Amino acid sequence: GGCQLPAEWRPLSEGCRAELAAIIVYARVLALHPDPYGAYNYLPWQRDPPGGPQHGAGGLFYSAEIELLCDQAWGSMLEVPAGSRLNLTGLGYFSCHSHTVMQGYAYFFFLRMDENYILLPHGVNFQEAIFPDTQENRRMFASLFQFSNCSQAQHVLSFSSDWEIQEDNRLMCSSVQKALFEEEDRVKKLQQKVAALEKRNKQLRDRVKKVKRSLRQARKNTRHVELMNRKLSEKLSSAGGQIPYINSLKQENSHATYLKV
C-alpha cells in the first residue's frame, strides 16, 4: 500500500494545478548529471528512508541543467529572466512516480524550492510535474508566459489568441475547484456527524434494552413476592382456624384426667 493515494484524493486539471504550482518555467535541458539518491520528491506515503532499499539503484536518479526559454510564468516565485541557467534535481525513476527528461529537449516544468533553495519538480496533487514541448502543451500553457521575453516567442505566440478565454477558464477553474473542495469538506463533515449520531443512537438503544430487561425482571420479582405473600396469608388463615379446636382438645384432656384421678 506504499503507493496508494489518500482516500480524499481527486484528480485536477493541468490548468487548476498550474494555479497551485509554486514555479512554472519553459526551459530546455542542456545536460544531465548522475545524482545520488536522496529524500527529494518523496511522496507522503513512502516509508523507505534515504539510504534504504533504493539507495543502490545507480543511474536511476539524476539532476539536469536547464536554460529558461521564457521568463517564469505569471505568479511564479522565481525571479530570474529568460536565458538563465538553473540546476534541477529530484529527477529519475522513483518507486511510486517518475520525473524524467532528455538532454536537448524543451519542457514545461512545475517546480518548487526547498528550504535550501534547491529546485525540485512540484508534483501538485501527486500528478505529473513535467510536460514535453508539444503543440497541445504549448496551447495549454500559452497564457502563462510573458511572450515578449521569450527567446522562442514565435513558437508560443501562435497560441496566444485565446488568452482571455484561457484566463477566464483559469478563474472559473479556481472558483469551481474551491466550491468542489468546500462541498466535499461539507459532505465529509456531514458523514462524520451521521456516524456520530448512529453511534449515539446505538448506545441509546442498548440502554433502552437494558432498562426494559431490568423492568421485566422487576415485574417478575414483584409477581413472585405477591405469590409468596398470598401463600403465606393462606397458611396463616388456615392455622388461625385450627387454634380453637386445639384449645378445646386440651381442655377435655385435662378434665378427663382430673376425673380419673
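Our subject is the structure that appears above.
Below is a summary of the structure that appears in this document. (Residues numbered from 1 in each chain as written. Predicted model: local features only at pLDDT ≥ 70, side-chain atom pairs only at ≥ 80, totals over all residues. Heavy atoms only, no water.)

1. What about the nonpolar core?
- Judged by nonpolar contacts, the single largest core of 36 residues is most densely connected at Ile24, Val25, Val101, Phe109, Phe110 and Phe145.
- Put simply, the parts of the chain that give this core at least two residues each are β1 (23-34), β2 (61-68), β3 (85-93), β5 (106-113) and β7 (130-132).
- Setting aside residues no more than four positions away along its own chain, Phe145 makes contact with Ile24, Val25, Tyr26, Cys70, Asp71, Gln72, Ala73, Trp74 and Phe108. (Core = buried A, V, L, I, M, F, W, Y, C linked by side-chain atoms within 4.5 Å. Buried < 20%, exposed > 50% of the residue type's maximum accessible area, 1.4 Å probe, protein only. Helix = DSSP H or I, 4+ residues; strand = E, 2+ residues; numbered from the N terminus. Contact = heavy atoms within 4.5 Å.)

2. Re unusual backbone geometry
- Of note, Asn125 is a non-glycine position whose phi angle comes to about 60°, a positive value.
- By the secondary structure assignment, Asn125 is in the loop between β6 (119-121) and β7.
- Of note, the phi angle at Phe126 is positive, near 60°, even though the residue is not glycine.
- For Phe126, a relative accessible area of 33% translates into the label partly exposed.

3. Considerations on the pairing of β1
- One ladder, built from 6 bridges, connects β1 with β5; its direction is antiparallel. Counted as the bridge partner of Arg28 is Ala106 from β5.
- Bridging between β1 and β2 involves 7 bridges; their strand directions are antiparallel. Bridging from a neighbouring strand, Val29 pairs with Ile66 of β2. (Pairing = 2+ DSSP bridges.)

4. Section: the pairing of β5
- Among the 8 residues in β5, 6 count as buried, and that is most of the element.
- Pairing geometry for β5 and β7, over 3 bridges, is antiparallel. By the bridge assignment for β7, Tyr107 is matched with Pro132.
- Counting the residues that bridge the hairpin from β5 to β6 gives 5 residues, and of these Tyr117 lies at a positive phi of roughly 65°.

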